[in-house]
Amino acid sequence: MAEVFTAAFWQQYGALLWKEFVNTMIMTGISTAIAYLLGLPLGVLLVLTGEHGIRPNKVLNQVVGWVINVGRSLPFIILMICIMDFTKLIVGTKIGVKGAIVPLVVSAAPFIARMVETSLTEVDAGVIEAAQSMGASTFQIVWKVYLPEATPSLILGGSISVITILAYTAIAGAVGAGGLGDLAIRYGYNRRVASMLLVTVVLLIALVQVIQSVFSRIAQSVDKRLR
């Protein structure tokens, strides 16, 4: 592994590492954005239609909750394989960066929905009742009360979601999705290049630390309780 510190190693693998690092960031960024576009409304819907929500609907709540639980219960690599035909239908390929985004979104959206639900249920019921008493509409309560009040918790939940999706991208490398996980498998395991495995692991750990630190700082900066 000492070869990691040599110029020869970086001349041979530097460009490849950078390319797959970028691919990992692309997969993580795009998948997180789309997953939140799906998961955030689902989480809000769960809260609104819950037993103590402002628009209780037991049947709708149970159906949405069941769908989300099914999505969360499937191991990512199994889900990725099972929906390969669907993935190809959507993006035209089953492999590579594009082929990884669809299963990443399908797997992450239910997880994000539950994270959002947890964050919104932490909002003080008295604040919601006050908004209702002033005649606020459901949309106004969601947009001006629920989301602003839950912002710090949503941001911290966002860090967990991003890190989870980052971990999924590494798993996706097992079926040719590209990224750092793919390098770790192709070079670190299959070709027994231990130095490559070490570098990819270190990069993934560093990414997790950076993501967690950034999101924690942002959450602290917007938390009204700390002002």
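Above this text is the structure in question.
Residues numbered from 1 in each chain as written. Predicted model: local features only at pLDDT ≥ 70, side-chain atom pairs only at ≥ 80, totals over all residues. Heavy atoms only, no water.

**Structural notes on a nonpolar patch on the surface**
Stated formally: For patch detection, residues must exceed 30% relative accessible area and be free of salt bridges, and they are connected within 9 Å for like charges or within 5 Å for nonpolar side chains (Val, Leu, Ile, Met, Phe, Trp, Tyr). Working definition of accessibility: Shrake-Rupley area with a 1.4 Å probe, residue cover restricted to the visible protein chains. When a carboxyl oxygen of Asp or Glu lies within 4 Å of a side-chain nitrogen of Lys or Arg, that pair is called a salt bridge. In this description a helix means any DSSP run of H or I spanning at least four residues, a strand means any run of E spanning at least two, and both kinds are numbered starting from the N terminus.
On the surface, Val59, Val63, Trp66, Val67, Val70 and Leu74 cluster together to form a nonpolar patch covering roughly 570 Å² of accessible area. On the secondary structure map, Leu74 appears in the loop between α2 (58-73) and α3 (76-82).

**A word on the packing of helix α6 (residues 125-133) against helix α7 (residues 138-149)**
What counts here: Axes here mean lines fitted to C-alpha atoms, for a helix over just the part in contact, with angles spanning 0 to 180 degrees between N-to-C directions. In these notes the angle categories are as follows: under 35 degrees is roughly parallel, over 145 is roughly antiparallel, 65 to 115 is roughly perpendicular, and the rest is oblique. Two helices crossing with the near one rotated counterclockwise from the far one by less than a right angle form a left-handed crossing, whereas a clockwise rotation gives a right-handed crossing. Working rule for contacts: check all heavy atoms of both residues, and any pair within 4.5 Å makes them a contact. Only Asp, Glu, Lys and Arg are considered charged, only Ala, Val, Leu, Ile, Met, Phe, Trp, Tyr, Cys and Pro nonpolar, and every remaining residue, Gly among them, polar.
As a packed pair, α6 and α7 sit with axes 11 Å apart at the nearest point and diverge in direction by 165°. The orientation of α6 with respect to α7, classified from their angle, is roughly antiparallel. As for the relative orientation of α6 and α7, their crossing is right-handed in sense. Where α6 abuts α7, its residues Val127, Ile128, Ala131 and Gln132 lie against Ile141, Val145, Tyr146 and Glu149. Residues that form the contact of α6 with α7 fall into these classes: 6 nonpolar, 1 polar and 1 charged.

**Quick look at α2**
Test applied: A helix is expected to span 1.5 Å for every residue after the first. Here the term buried applies to any residue with accessible area under 20% of the maximum for its type, exposed to any over 50%, and partly exposed to those in between, with areas from a 1.4 Å probe on protein chains only. Picture the helix axis, draw a direction to every C-beta atom, and the arc is the one those directions span.
With 16 residues, α2 should reach 22 Å at 1.5 Å per residue; the first-to-last C-alpha distance of 22 Å fits that figure. Those residues of α2 lying buried are Val64, Gly65, Ile68 and Gly71. Looking down the long axis of α2, one finds its buried residues gathered within 125° of arc, a one-sided arrangement. Structural note: α2 exposes Lys58, Val59, Trp66 and Ser73 on the side pointing more than 90 degrees away from its buried face. The elements touched by buried residues of α2 are α1 (7-49) and α5 (96-121).

**Examining the packing of aromatic side chains**
So the rule is basically this: Centres within 6.5 Å make a pair out of two Phe, Tyr or Trp rings, where for Trp the six-membered ring is used; the pair is then stacked when the planes are under 30 degrees apart, edge-to-face when over 60, and tilted otherwise. Here, a charge over a ring is recorded when the distance from Lys NZ or Arg CZ to the ring centre is within 6 Å and its angle to the ring normal is within 35 degrees.
Under the criterion given, the structure shown has 6 aromatic pairs. Note on Phe9 and Trp10: the rings are 5.2 Å apart at their centroids and 90° apart in plane angle, and the pair reads as edge-to-face. What makes Trp10 partly exposed here is its relative accessible area of 40%. Taken together, the aromatic side chains of Phe9, Trp10, Tyr13 and Tyr187 make up a single cluster linked through ring pairs. Between Arg191 and the ring centre of Tyr187, over which it is positioned, the NZ or CZ distance is 4.3 Å.

**What to know about the pattern of salt bridges**
Any two side chains of opposite charge can pair if their charged atoms end up close together. As enumerated under the stated definition, the model contains 3 salt bridges in all. With its nearest N and O atoms 3.2 Å apart, the salt bridge here joins Lys94 to Asp85. Note on Asp85: relative accessible area 58%, which makes it exposed.

**Looking at the environment of Leu17**
Checked against the element boundaries, Leu17 lands in helix α1. It is 20 Å that separates the C-alpha atoms of Leu17 and Ile30, two residues lying 13 residues apart in sequence. Residues contacting Leu17, with those up to four places away along its chain left out, are Phe9, Trp10, Leu180, Leu183, Met196, Val199, Thr200 and Leu203.

**Here we look at the side chain of Thr49**
Here is the rule: Polar contact is defined as a pair of N or O atoms within 3.5 Å, subject to the rule that within protein one atom must be able to donate a hydrogen and the other to accept it, and that residues adjacent in sequence are counted only when both atoms are side-chain atoms.
Secondary-structure assignment places Thr49 in helix α1. One polar contact links the side chain of Thr49 to the main-chain carbonyl oxygen of Leu45, over a distance of 2.7 Å. Contact partners of Thr49, with chain neighbours within four places excluded, come to Arg55, Pro56, Asn57, Lys58, Leu60 and Asn61.

**Some points on the side chain of Thr32**
On the secondary structure map, Thr32 appears in helix α1. When its relative accessible area of 11% is taken as the criterion, Thr32 is described as buried. Not counting residues up to four positions away in its chain, the partners in contact with Thr32 are Val162 and Ile165.

**As for the nonpolar core**
Selection rule: For our purposes a nonpolar core is just a set of buried Ala, Val, Leu, Ile, Met, Phe, Trp, Tyr and Cys residues, chained together by side-chain atoms within 4.5 Å.
With 32 residues, the main nonpolar core has Met80, Ala100, Leu120, Ile128, Ile141 and Tyr146 as its most contacted residues. Sorting the residues of this core by element identifies α1, α3, α5, α6, α7 and α8 (151-172) as the ones contributing at least two each. Of the residues forming this core, the biggest block, 9 residues, is contributed by α5. Those residues in contact with Tyr146, other than ones at most four positions away along the chain, are Val47, Leu48, Leu120, Val123, Ile128 and Ile141. The next biggest cluster of nonpolar side chains, apart from the first, holds 17 residues, and it includes Val162, Leu166, Ala170 and Met196.

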